[in-house]
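Each chain is listed here by its residues.
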Amino acid sequence: MELLRFTLAQIEAFACVCETGTLTQAAKKLKKDRTTVSELLEYLEVDLGYALFDRSTRPLTLTPQGQLLYRQARLFLHEAEAFSRIARHIPDTLETHLTLCYDLFTPRALLLKLAERLQAQHIQLDMIACERGQAEQWLDEGSVDLGLFQAVNRSVNDHLHWRAVGSVSLAVYAREDYFPKQPVSLLHLASQPQLMPFRDLPPSLAGRIRIADRLIHVNEITLLEGLLQRGCGWAFLPEHFCAERLEGVARIDTEMGTTGLAHPLVALWKPGVIGAPMLAQLLTAMEERI
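Every value quoted in this text rests on a predicted model; they were computed, and no experiment measured them. (Residues numbered from 1 in each chain as written. Predicted model: local features only at pLDDT ≥ 70, side-chain atom pairs only at ≥ 80, totals over all residues. Heavy atoms only, no water.)

Peer 1: Looking at this model, I keep getting lost on the overall build of the protein. Mind explaining?
Peer 2: Of the regular secondary structure elements, the protein holds ten helices and eleven strands. Scored against the burial criterion, the 290 residues of the protein give a buried share of 39%. As presented, the protein carries roughly 16,300 Å² of accessible surface, and 54% of it is formed by carbon and sulfur atoms. (Helix = DSSP H or I, 4+ residues; strand = E, 2+ residues; numbered from the N terminus. Buried < 20%, exposed > 50% of the residue type's maximum accessible area, 1.4 Å probe, protein only. Areas by Shrake-Rupley, 256 points an atom, 1.4 Å probe, with all protein chains shown as cover.)

Below you can see the structure in the form of structure tokens.
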């Protein structure tokens with residue numbers, strides 16, 4: 001059986017004439033020409049193969065077939081109205097997903113504030129901790145949207161863009177009795193094992209973070225904190241880690257002072273993956289929170 005082809009305008013015209021009783025009143029209510037409403041009804045009746053109104057009466061009266069069809073038309077229009085309301089509000093309720101990669105040094109407070117701000121806009125932020133080389137590959141492939149990493153004094157590949165969004169201050173931490181005498185010299189730091197949060201650091205970054213001759217690689221923060229507490233080495237960590245909160249761990253005074261211990265953070269992204277307005281909002285939020 002071939003399906004009947006009709007338009008929403010035809011059903012609206014049919015229902016409106018049923019309810020007003022005349023083509024003229026229906027045309028006023030629908031804000032259409034009387035001729036247009038008449039043609040909509042006529043084309044519908046031609047496709048149906050039967051008359052919907054007895055046109056010899058004033059006001060127009062429904063034929064038996066028209067009476068049965070009107071009930072269905074009204075139900076159909078209710079469904080159409082519900083569809084219209086849902087469709088109109090979808091942009092406000094649609095939940096978008098964004099994926100951000102970050103390294104161990106990224107401030108967690110920043111990530112939480114960013115996730116909170118986006119959640120208020122029905123945008124879910126997935127956060128993945130990884131090393132920068134892996135993140136750049138994922139960004140290039142389009143499987144993640146944004147990266148947040150320490151600057152490494154090297155160019156980003158041609159496919160990615162970057163922007164500085166703040167900096168992270170670093171300090172030396174160790175168990176309170178690890179260095180009996182302070183300030184600690186660079187020579188003394190170099191002679192003791194250094195707990196290193198990453199294994200495969202770019203040379204430029206490794207050159208700034210690595211001081212000791214012997215390294216203990218550990219990229220899980222809980223383990224690193226446990227090793228600090230047990231006196232297994234010292235670590236060069238971001239101040240926002242608040243490592244001094246750990247029992248028995250303290251910030252160590254060194255001959256370096258604080259000069260040169262701030263590391264820039266950069267946001268990385270592939271052009272076109274995130275819309276320009278959303279990207280601008282994300283970058284601004286990062287700059288405000290760091």
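Peer 1: Sorry if this is basic, but what is going on with unusual backbone geometry here?
Peer 2: Most of the time, phi is negative for any residue but glycine, and the peptide bond is trans. In this structure, the amide linkage connecting Arg58 to the following residue, Pro59, adopts the cis form with an omega of -5 degrees. When you line up the elements, Pro59 lands in the loop between β1 (53-54) and β2 (61-62). The residue His122 is not glycine, and still its phi comes out positive at about 65 degrees. Relative to the helices and strands, His122 is located in the loop between α5 (108-119) and β4 (123-129). One non-glycine residue, Cys242, lies in positive phi territory at about 50 degrees. Within the secondary structure, Cys242 sits in the loop between β9 (234-238) and β10 (249-251).

Peer 1: What exactly am I supposed to notice about the environment of Val144 here?
Peer 2: Residue position: Val144 is located in the loop between α6 (132-141) and β5 (146-150). Given the relative accessible area of 3%, Val144 is considered buried. With near-sequence residues (within four places) excluded, Val144 lies in contact with Thr99, Cys101, Ala135, Trp138, Leu139 and Val273. (Contact = heavy atoms within 4.5 Å.)

Peer 1: Looking at this model, I keep getting lost on a nonpolar patch on the surface. Mind explaining?
Peer 2: Among the surface-exposed residues, Leu4, Phe6, Leu8 and Phe76 lie close enough to one another that they form a single nonpolar patch of about 330 Å² accessible area. With respect to the element layout, Phe76 can be found in helix α4 (residues 64-93). (Patch = residues over 30% accessible without salt bridge, like charges linked within 9 Å, V, L, I, M, F, W, Y side chains within 5 Å. Salt bridge = Lys/Arg side-chain N within 4 Å of Asp/Glu carboxyl O.)

Peer 1: Would you mind going over the pattern of salt bridges with me for this structure?
Peer 2: Any two side chains of opposite charge can pair, on the condition that their charged atoms come close. Taken as a whole and assessed by the stated rule, the structure comprises eight salt bridges. For Arg163, the salt bridge is made with Glu287, and the minimal N-O distance between the two is 2.9 Å. Here Arg163, found in strand β6 (residues 161-175), pairs with Glu287, found in helix α10 (residues 276-289); they are 124 residues apart in sequence, far enough to count as distant. What makes Glu287 partly exposed here is its relative accessible area of 33%. We note a salt bridge from Arg251 to Glu239, for which the minimum N-O separation is 3.0 Å. Note that Arg251 is positioned in strand β10 and Glu239 in the loop between β9 and β10, a separation of twelve residues in sequence.

Peer 1: Any chance you could explain the nonpolar core here in plain terms?
Peer 2: For soluble globular proteins, the rule of thumb is that nonpolar side chains tend to be buried together. One finds Trp234 and Met286 to be the most contacted residues of the largest nonpolar core, which totals 55 residues. Examining the composition of this core, we find that seven residues originate from one element, β6, more than from any other. With sequence-adjacent residues up to four places away left out, Met286 is seen in contact with Leu100, Leu110, Leu114, Leu146, Leu148, Val165 and Ala267. Within the second largest apolar cluster, 19 residues are counted, among which are Ile11, Ala15, Ala27 and Leu60. (Core = buried A, V, L, I, M, F, W, Y, C linked by side-chain atoms within 4.5 Å.)

Peer 1: What is the right way to read the pairing of strand β3 (residues 96-102) from this model?
Peer 2: Remember that side chains alternate between the two faces of the sheet whenever the strand is regular. Where burial is concerned, most of β3 is hidden: five out of the seven residues are buried. Taken together, the seven bridges between β3 and β4 define a ladder with parallel strand orientation. Considered in β4, the bridge of Thr96 is made with Ile123. Traced from β3 through α5 to β4, the parallel crossover comes out right-handed. Pairing of β3 with β5 involves three bridges; the strand directions are parallel. Paired with Leu100 across the two strands is Leu146, which belongs to β5. (Pairing = 2+ DSSP bridges. Right-handed = clockwise from strand over helix to strand, strands pointing away.)

Peer 1: I tried to follow the packing of aromatic side chains on my own but got confused; where do I start?
Peer 2: Geometrically, a pair of aromatic rings is defined through the distance of the ring centres and the angle of the planes. If you walk through the whole model with that rule in mind, you get three aromatic pairs. With centroids separated by 5.8 Å and ring planes inclined at 65 degrees, the aromatic side chains of Phe14 and Phe53 adopt a geometry described as edge-to-face. Remark: Phe53 occurs in strand β1 and Phe14 occurs in helix α1 (residues 8-20); sequence separation between them is 39 residues. The burial state of Phe14 is the same as that of Phe53; both residues are buried. Residues Tyr178 and Phe179 carry aromatic rings whose centres are separated by 4.9 Å and whose planes lie at 90 degrees to one another, so their mutual orientation is edge-to-face. Each member of the pair, Tyr178 together with Phe179, is buried. (Phe/Tyr/Trp six-rings, centres within 6.5 Å; stacked < 30°, edge-to-face > 60°.)

Peer 1: Teacher, can you tell me more about α1 here?
Peer 2: Every α-helix winds through 3.6 residues per turn, so residues three or four apart in the chain are directed the same way. For α1, with 13 residues, the first-to-last C-alpha span of 18 Å sits near the 18 Å given by 1.5 Å per residue. Along α1, the residues classified as buried are Gln10, Ile11, Ala13, Phe14, Ala15, Cys16 and Val17. Gly21 lies just past α1 and shows a positive phi near 90 degrees. (Expected span 1.5 Å × (residues − 1).)

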